[in-house]
Amino acid sequence: MQIEATKNFVNDHGHIGVVDDDPQIRLLVTQYLRRHGFQVSAAGDAKGAMELLQATQVDLLILDVMLPGRSGLDLCREIRATLSLPVIMLTARGDEDDRIVGLEVGADDYVTKPFSPRELLARIRAVLRRIRGDDKPGSIERDDVVRFDGWILDLRRRELVSPSGTLVDLSTGEFDLLNAFIEHPNRILTRDALLEFAKARSAETTDRVIDVQVSRLRKKLAQESAERPLIKTVRGVGYMFAPGAHGP
Amino acid sequence: MMRLVRFLTPDTVVARAVTVLLLALLVVNAVGYMTYRMGIDAIIGAARERELAERISSITKAVNELPTASERDRAAHALSTLTLEVHWAHVAPTIDNPEPDAMCRSLSERLKKLLPRNSSALIVGYVPHSDHRQGDGSAVSNQISNLGDSSYNLQISARLDDGSWLWFLSYVPGTAPYISWSALLVPLYMCVAIILIAVLSLRWVTRPLRLFADAAGKFNIDAEAQKVPEFGPVELRTASRAMNSMLERIQLLVRERTAALAALSHDLRTPITRIQLRNELTEDDTLRTATEADLAEMNEMIQSTLEYLRVGAGNMPRRAIDIGAMLHTICDEQADIGHDVALNAPPGILMSGSPNIIKRALTNVIANACKYGEKVKVDLTTTGGHMQVTVRDEGPGIPEQDLERVFEPFYRVESSRSRTTGGTGLGLTIARKVIEGHGGLVTLTNRPTGGLEVVVSMPLCSMPVTAAMVK
């Protein structure tokens, strides 16, 4: 492990804090992330986490919801109040409440347990990229909901609501794609750029998949915005999201 | 016809009680009426006999005092009345069977007391009607019926002092079968009153019973403690208490089991995560991929077990859902992993429901078809207030005897057990629980052309589309 860790430029990737009460998982995540070029510090509970945050400067914190003593949610809320530090929560799989509460207390993303390490890595990279690429450095505040042409995209619940108030189901890929479009309105996004966004969640995304997903997303948006397509094709380059007057 | 039979066959407590009461009323009235008639007839018979005996004795005494035969004959005719014909004759009548019954004997006894001088020469018997000579008295056995029987007349003969005879022929007026319709009014009135009172009071009496049955029927294992109301008569209160304690025990048992299963599923996540992380360190690609597949399967089992336990536990918030969009997501997902699935869903079909669990239910049905069948066709249609999702495949179908069982938790059709992708046997169970929880229905049928057809039907969205959301 050490050899691999040194092989990468550790500081280039960032410093990750891992807070999980299970020592095995802590160790394994630490090893895995080190292997992928991160510097990692770990803690077993909320107290240890606070000590860790005071002792070192971490770029991102991975926080388990279920911690002995003080819960991860509590800790997340406190971190949110005092530091501008991105947090990825580890939640119980499919437990909607955990997920939503986690996002509500200010987590930037979540990974459900049991998780695959590759998925965790993809999320870490996505969050770090978002923070670093942000026009307003230091600010990771984002609106909970984004409105465009009467549509509402709820980023916390990962839900799309149509102008008529109907919930329109999106796949994970479609949601991420739409989110990427919304973050870059009226700008041409190449397939490669979109691929990067999509990769945040599912590792095996290809060029063609982007085209398929854009077409699926269009079909869903067309149900209530048929007169004017929101996503335009820029021949030979990529796509452009062009919301109307109600855009963000 | 069946309706009439069912109507006439008492099935409710009220109907049965009213029937019993009416039958009792009928029997009591009939017996009472008969006893009354018998008593009346006996009194009338005795009075008539006494009167007859006295008239016969006085006529006999009077005629006996007359000196000449012609005077006697005249007097006899003069003393005749409508009901008693009197003749004077030199000879005695011939009667084969004197004093055939109790009435004749009793009349004879009475006459003997009234006419001590003629006591040795009294003949009492019956002669046929309009034939004064003789009758077959043996045919008449019943005193009461004789009174009303007009085919025989009572004939009494008494010998006078000079050896001549007086013949009396009594025309007994038939006691006409006397039915007073007004007498029926009372029992009729009682019947109506009984029906009215019984129906009202018994409905009142059985009301706690109905509420008891209602409460027991509404019992939902997943919901919070519910109680059968403890009121009404003592017997019912006892039954309600027993029922409540039973419901409590059932809920406790189910809750314990559920908690155990949930805890187990929850706790498995940590070791699975560990294996997943450790697996990532494995250099051997084949081994890593195989382990990954196993872990995915385990995840799936835990996931569906937890979902099964969670579905129905408490109300989830309902929203307006675009079913077409949801079906697109589900079918695209199946197509992406290599299944042949075609979706035909018109836009704008909305239903009100809990999005996550509705999606889970539809995913389970469609994924099932993709897994066990091939060339899956999914159609979304609307029929009379319901939206209908029809999922057809060209697979082997399900043996008829298993069609209902596949909805049972953890049940798997035999052929799928051996497969590595056997699943947990919870998919359709969850689907049905969700769909029925949304007021819908799910049916499975084997298609005549082969393959399975699953029809999911749920009520369409009833809430008006809010235009306010647009601006």
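Once a new chain begins, its residue numbering starts again from 1 and follows that chain's sequence as written. Whichever chain is written first becomes A and whichever ligand is written first becomes 1, with later ones labelled in order. Residues qualify for local features only when their pLDDT is at least 70, as the model is predicted, and side-chain atom pairs are given and counted only at 80 or more; totals for whole chains, interfaces and linings, by contrast, use all residues. Each side-chain value is worked out from all heavy atoms of the structure, with water and hydrogens disregarded.

A.B. asks: Looking at this model, I keep getting lost on the packing of helix α10 (residues 323-336) of chain B against helix α11 (residues 355-372) of chain B. Mind explaining?
C.D. replies: When two helices pack together, their arrangement is captured by the angle between the axes and the distance separating the axes. Residue and element names in this part refer to chain B. The convention used is that axes are lines fitted to C-alpha atoms, helices contributing only their stretch in contact, and that angles between N-to-C directions extend from 0 to 180 degrees. Secondary structure is summarised from DSSP: a helix means a run of H or I of at least four residues, a strand means a run of E of at least two, and numbering begins at the N terminus for each. The geometry of α10 relative to α11 is characterised by a closest axis approach of 10 Å and an angle of 45 degrees between their N-to-C directions. Relative to α11, α10 is oriented oblique. For the crossing formed where α10 meets α11, the hand is right-handed. Contacts from I323, M326, L327, T329, I330, C331 and Q334 of α10 reach α11 at P355, I358, K359, L362, T363, I366, A367 and C370. For the contact of α10 with α11, the residue count by class is 11 nonpolar, 3 polar and 1 charged. The cut-offs work like this: below 35 degrees is roughly parallel, past 145 is roughly antiparallel, 65 to 115 is roughly perpendicular, and the gaps in between are oblique. Two helices crossing with the near one rotated counterclockwise from the far one by less than a right angle form a left-handed crossing, whereas a clockwise rotation gives a right-handed crossing. Contact criterion: two residues are considered in contact whenever any of their non-hydrogen atoms come within 4.5 Å of each other. As a working rule, the residues Ala, Val, Leu, Ile, Met, Phe, Trp, Tyr, Cys and Pro are called nonpolar, Asp, Glu, Lys and Arg charged, and the rest polar, with Gly in that last group.

A.B. asks: What am I meant to see in the environment of L27(A) here?
C.D. replies: Assignment of secondary structure puts L27(A) in helix α3 (residues 23-35). The spacing of L27(A) and A42(A) is 15 residues in sequence and 8.2 Å in space, taken between C-alpha atoms.

A.B. asks: Honestly, the pattern of salt bridges in this entry has me stumped. Any pointers?
C.D. replies: Close approach of charged atoms allows side chains of opposite charge to pair. Note on definitions: salt bridges are taken to be side-chain nitrogens of Lys or Arg within 4 Å of carboxyl oxygens of Asp or Glu. Under the criterion given, the structure shown has 26 salt bridges over all chains. As a salt-bridge pair, D22(A) and R274(B) come within 2.4 Å of each other at their nearest N and O atoms. Here D22(A), found in the loop between β1 (15-19) and α3, pairs with R274(B), found in helix α8 (residues 269-279), and the two come from separate chains. Residue classification places D22(A) among the buried positions, given a relative accessible area of 9%. In this structure, the salt-bridge partner of D285(B) is R288(B), at a minimum N-O distance of 2.9 Å. Taken together, the positions of D285(B) and R288(B), both in helix α9 (residues 285-310) and 3 residues apart, correspond to about one turn of that helix. A residue is classified by how much of its surface remains accessible, and D285(B), at 46% relative accessible area, is partly exposed. A cluster of three or more residues bridged by salt bridges with shared partners is formed by D20(A), D64(A) and K113(A). Only protein chains enter the calculation, and the probe is 1.4 Å; a residue is then buried if its accessible area is under 20% of its type maximum, exposed if over 50%, and partly exposed in between.

A.B. asks: What am I meant to see in the sheet that holds strand β11 (residues 231-234) of chain A here?
C.D. replies: Within a beta sheet, neighbouring strands are joined by backbone hydrogen bonds and run either parallel or antiparallel to one another. Residues and elements named next belong to chain A. Strand pairing is defined by DSSP finding a minimum of two bridges between the two strands. The sheet built from 3 strands is open, its strands ordered β10-β12-β11 with antiparallel pairing. On the outer flanks of this sheet lie β10 (188-190) and β11, each paired with one strand and no other. Between one strand and the next, the sheet's axes are offset by a mean angle of 35 degrees, whatever the strand orientation. Where β10 meets strand β12 (residues 238-241), 3 bridges bridge the pair, whose relative direction is antiparallel. Counterpart to I188 in the pairing with β12 is M240. Set on the sheet, helix α8 (residues 172-183) makes contact with β10, β11 and β12; between it and β12 the angle comes to about 65 degrees.

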